[in-house]
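# Examination of the molecular architecture
Residues per chain are reported as follows:
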Amino acid sequence: MVERSEAEQDQPSYNPRIVAFCCNWCSYAGADLAGTTRVQYPPNVRIVRVMCSGRVDPAFVLKAFTLGADGVIIAGCHPSDCHYINGNEKTATRGDFLSEFLEEAGIESQRFRVEWIAGSEGQKFAEVIRGMVSDLEMLGPVAQEVA
Amino acid sequence: MPENTSTEKEKPRIGVFICHCGSNIGGFVDVKAVTEYASTLPDVAYATDNLYTCAEDGLNNIKETIKEHNLDRIIVASCTPRTHAPLFQRTCEAAGVNKYMFTFVNLREHCSWVHMKEKEKATQKAKDLVRMGVARARFLEPQEETRVDVTPTALVVGGGVSGMTAALSLANMGFPVHLVEKDKELGGFVRSLHALMMTTKSANETIRPLIDKVNAHKNITQHLSSHVASVEGFIGNYDVSIGGDGAEPKEVKVGTIIVATGAVPLVPDGLFGYKEHPGIITSSEFEELCNKKELPRLKSVAFIQCAGARGQKVSYCSRICCNVAIKSAIHIAENRDNILGVTEEKAAEAGEAVEEPAAEKKAEEEGSERRRRRRGRGRQAEDGAGEEGAAPSSGVEVTVFNRDVMAYGVENELEFNKAREKRVKFVRYGPDNLPKVSVKDGKLEVGYFHETLKMERTMPVDMVILSTPLVAQPDAATLSQLLKVPLGQDGFFQEAHVKLRPVDFATDGVYVCGACRGPADIAESVSQAAGAASRASIPLANGFVQAEALTSVVDETKCTGCGTCVEVCPYSALRKNDEGISEVIAAACKGCGCCGATCPEGAITMTHYTDQQLLAEAKAALEEV
Ligand SMILES: Cc1cc2nc3c(=O)[nH]c(=O)nc-3n(C[C@H](O)[C@H](O)[C@H](O)COP(=O)(O)OP(=O)(O)OC[C@H]3O[C@@H](n4cnc5c(N)ncnc54)[C@H](O)[C@@H]3O)c2cc1C
Ligand code: SF4
Ligand code: SF4
Ligand code: FES
């Protein structure tokens, strides 16, 4: 459930924008399953399909923030399920690095997530989006100044 | 970012087809409004909506419109690309548009079906998604799929039962096969075995016909006392150099490779008094003694299962050893001199002929066993008290110390029951209470902790047989490096997928079977070998391999030769050329993009998923409208 924060009541029109890089084989399929099973989630996410989560250059994530994203997700197959053997291991390593880097730049950790979503996890995909939207609604837009 | 490519070249002419999918999309998204919006986007030459784009008339509409409006790239905004992308791509190709000039936008699974109660927001999202598709489409480029010819010859490494079976299957399909065996003879480990489980035929009788067939086959070239010295190339085109004992290396060209190098039994140095007394031997040595007809007369024998396995020298369970022990235990309990070769004279004259009556007896026994099985499992607990049909008690005590008996499958379970009927005792031990083998006054004894009595016991024995696990070949790593295929943590070759691709390596063109991918008995090795041969024959039979044009491309002017990409690629699809610059083997590349995301110089472009295309999409997603 989306909790209504004070920040949000002040700016009722705040609509966080999330870019999700989803791998074709698991997480994109998970998002498909959310659809097939008619799981409803907030319309704030825009999926960019990549073949493997390992395709996502950390620079893409930074660029997305530069371009005004409120949140960025890299979603891939569960550990050891990557269609390309171990692309997601690279994602995990880069994810750790990115989290630290963003944190240092004053971008809250809730704004960037690495998620493992299987093709059978439509519900999980929806939950991830719901969770992030609610986090972002609490946070409000990305602050210009580093705290 | 060079945003102007599209204007410099001929201006793109994008066609957008937005689908109602009946009411699946149309019921929750204002498709007309999205179509109208699409027609205002840059480079969109035409936009329309269809009730069902994937239906015959929808597809025809795409083809006609391409011609009529001279479209050079197509967007279908409908369902998930994971279902219909190939269909629409074919439609594009039929109208003369390269299939890589097609983009899918998912309005159903990712929009209308997940936002069913907020039409306005869903419509806005649909517009955004179409805008993202158009942004991507503007940067699409036609691609040629690489088609590589395949040399219709195979290489099989290892001449055991697996390698021979694989080689024969391929040879019978008509493909020339090079069979490389490091030993001076074919046959592998089975040659050193004596009797086999579940058959009255000896190991030699079983393997001989296979060796004869391989010897006789005109399509098989044998390279004995040889090894693979080097491998260059990729699926369809491997240049392999085969080294022999002192001989000049032979160069062969092959299209696919099967690894069947088997395994070796662990030598249990330092465990259970091994080597401290001639009566402490491994199960492999037991087979050898039988083969050489040198087995002494025995009154009491102890098997120790998992000797060195499951947390001792190796962590895994070697699967076959319980069945091997059961096999030998039965033979000892039956006191079948002819099988065990207890005395030399008898063995010499008896030979294999004596086994015939055994075969009849076996059939009889199997019948009664089945009857017993039907009567239920209750009697299993009785620790194998003999019943009708069981061989007369031979007076040999056989005890199998085990952690638990892995007699998997119906046949093995039957053998297990049979052993119990022959009064073979199965005594459990816990991992913290290993049996202790000691020598007292020159005599062997096994000390163990009785789990039920909770007491230490000792048992005098004439012989201790250590069931040691099969372990990886000591030189497996060398071959793994030559072929660029992985070993798992236990040193066995690792298949592409435990469940779905058990005999493939992740790298196309290389396959695996038998004990080199983990302990396996003969029947399992043979089925795997047949599977691997069948997989390896596909490219050979097709004569070519065609890869999707989703690959990496290295810009050699930017590459510094750091080698990061070579390390990152899970498929060994990158290598350094003579100048130390990275190059892609397009036929081996799967297009995952891991290298592209890692290259510190930005020297790698992923076709059809370029940085430019992906960033254009992300940018369009975030545009304020
Ligand atoms: C004690 C014992 C008893 C057994 N009893 C039974 C039984 O009763 N019934 C049963 O079904 N199974 C039994 N097995 C299992 C059986 O031995 C295996 O299933 C079988 O040997 C597997 O065949 P393979 O061809 O995969 O491997 P191997 O038989 O090991 O053959 C591999 C071959 O590859 C060659 N090789 C290795 N490396 C290279 C290289 N780098 N280059 C070239 N050649 C190479 C080796 O020299 C060998 O000839 C027993 C095993 C043991 C240890
Ligand atoms: S990572 Fe980039 S620079 Fe390094 S070898 Fe590969 S292509 Fe060249
Ligand atoms: S795209 Fe993937 S498979 Fe192809 S070369 Fe790069 S890392 Fe290897
Ligand atoms: S394919 Fe899903 S993470 Fe690699």
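To start, this report covers the structure provided alongside it. (Residues numbered from 1 in each chain as written. Chains lettered and ligands numbered in written order. Predicted model: local features only at pLDDT ≥ 70, side-chain atom pairs only at ≥ 80, totals over all residues. Heavy atoms only, no water.)

## Side note on unusual backbone geometry
Residue and element names in this part refer to chain B. The criterion, for reference: Only DSSP runs of H or I reaching four residues or more are called helices, and only runs of E reaching two or more are called strands; each is numbered from the N terminus. Residue burial is assigned from relative accessible area. The probe radius is 1.4 Å, only protein chains are included, and a residue is buried under 20% of its type maximum, exposed over 50%, and partly exposed in between.
Despite not being glycine, K293 has its phi angle at roughly 55 degrees, a positive value. Among the structural elements, K293 can be located in the loop between α9 (283-291) and β15 (300-304). On the basis of relative accessibility, which here comes to 24%, the residue K293 falls in the partly exposed class. Although it is not a glycine, D441 adopts a positive phi angle of roughly 50 degrees. Tracing the backbone through its elements, the reader meets D441 in the loop between β18 (436-440) and β19 (443-450). Accessibility expressed as a relative area gives 78% for D441, which makes it exposed.

## Digging into a negative patch on the surface
All names here are of chain A. Which entries qualify depends on this criterion: Patch membership requires more than 30% relative accessible area and the absence of a salt bridge. Residues of like charge join within 9 Å; the nonpolar side chains Val, Leu, Ile, Met, Phe, Trp and Tyr join within 5 Å. In this description, accessible areas are obtained by the Shrake-Rupley approach with a 1.4 Å probe, and a residue is regarded as covered only by the protein chains that are shown. Throughout this description, the term salt bridge denotes a Lys or Arg side-chain nitrogen within 4 Å of a carboxyl oxygen of Asp or Glu. Only four residue types enter the tally: Lys and Arg on the positive side, Asp and Glu on the negative side; His and the chain ends are excluded. Lysine's charge is taken at NZ, arginine's at CZ, aspartate's at CG and glutamate's at CD.
Together, D96, E100, E103 and E104 line one region of the surface with negative charge. Relative to the helices and strands, E104 is located in helix α4 (residues 87-104). Of the residues examined, E104 reaches a relative accessible area of 65% and is grouped as exposed.

## Topic: the pairing of strand β10 (residues 237-244) of chain B
Residues and elements named next belong to chain B. Where we set the bar: Think of it this way: DSSP has to see at least two bridges between two strands before they count as a pair.
With eight bridges joining them, strand β9 (residues 226-234) and β10 adopt antiparallel strand pairing. Pairing of S226 across the sheet is with G244, part of β10. Note that β10 and strand β11 (residues 250-254) share five bridges and pair antiparallel. Within the sheet, the bridge partner assigned to D239 lies in β11 and is K253. Between β10 and β11, which pair antiparallel in sequence order, lie five residues; one of them, G246, sits at a positive phi of approximately 70 degrees.

## Details of the pairing of strand β3 (residues 73-78) of chain B
All names here are of chain B. Where we set the bar: Handedness of a crossover is defined as follows: with both strands directed away from the viewer, a clockwise route from the first strand across the helix to the second makes it right-handed.
Counting buried positions over the six residues of β3 gives six, a clear majority of the element. Of the two faces of β3, the one lined by R73, I75 and A77 and the one lined by I74, V76 and S78 are each fully buried. As defined by bridge partners, strand β1 (residues 14-19) adjoins β3 across five bridges and the pair is classed as parallel. For F17, the partnering residue across the bridge sits in β3 and is V76. In terms of handedness, the path from β3 via helix α4 (residues 81-94) over to strand β4 (residues 102-106) forms a crossover that is right-handed.

## As for the site of ligand 3
We apply this condition: In this text, near means that some heavy atom of the residue lies within 4 Å of the molecule or strand in question. Put simply, Ala, Val, Leu, Ile, Met, Phe, Trp, Tyr, Cys and Pro go in the nonpolar bin, Asp, Glu, Lys and Arg in the charged bin, and everything else, Gly too, in the polar bin.
Close contacts around ligand 3 come from 13 residues, with B:C569, B:C589, B:C592, B:G593 and B:C595 the closest. By residue class, the composition of the shell around ligand 3 is nine nonpolar, three polar and one charged.

## Let's talk about the side chain of B:H178
To keep it simple, the criterion reads: Two N or O atoms form a polar contact when they lie within 3.5 Å of each other; inside protein one atom must be a possible hydrogen donor and the other a possible acceptor, and for residues adjacent in sequence the pair counts only when both atoms belong to side chains.
Assignment of secondary structure puts B:H178 in strand β7 (residues 177-180). Side chain to side chain, B:H178 and B:H223 meet in a polar contact 2.9 Å long.

## Describing the interface of chain B and chain A
Rules: It only takes one pair of heavy atoms within 4.5 Å for two residues to be counted as in contact. Accessible area that two parts lose when put together, evaluated with a 1.4 Å probe and summed over both, is termed the buried area.
In this complex, chain B contributes 44 residues to the contact, which on the side of chain A involves 44 residues. A buried area of about 3700 Å², summed over both sides, lies between chain B and chain A, and 60% of it is on carbon and sulfur atoms. It is B:R82, B:H110 and B:L622 in chain B that bury the most area against chain A; as a group they hold 18% of the surface buried on that side. Where chain B packs against chain A, one counts three salt bridges. Notably, a salt bridge pairs A:R55 with B:D611, separated by 2.6 Å at the nearest N-O pair. Counting across the interface, chain B meets chain A through 20 residue pairs in polar contact (both at pLDDT 80 or more). Those elements giving two or more residues to the side of chain B that touches chain A turn out to be α4, α5 (108-112), α6 (119-137), α18 (594-598) and α19 (611-622) of chain B. Element by element, the count of residues in the side of chain B that touches chain A is highest for α19(B), at eight residues. Of the residues that constitute the side of chain B that touches chain A, the class distribution is 21 nonpolar, ten polar and 13 charged.

That is the geometry; function is a separate question.
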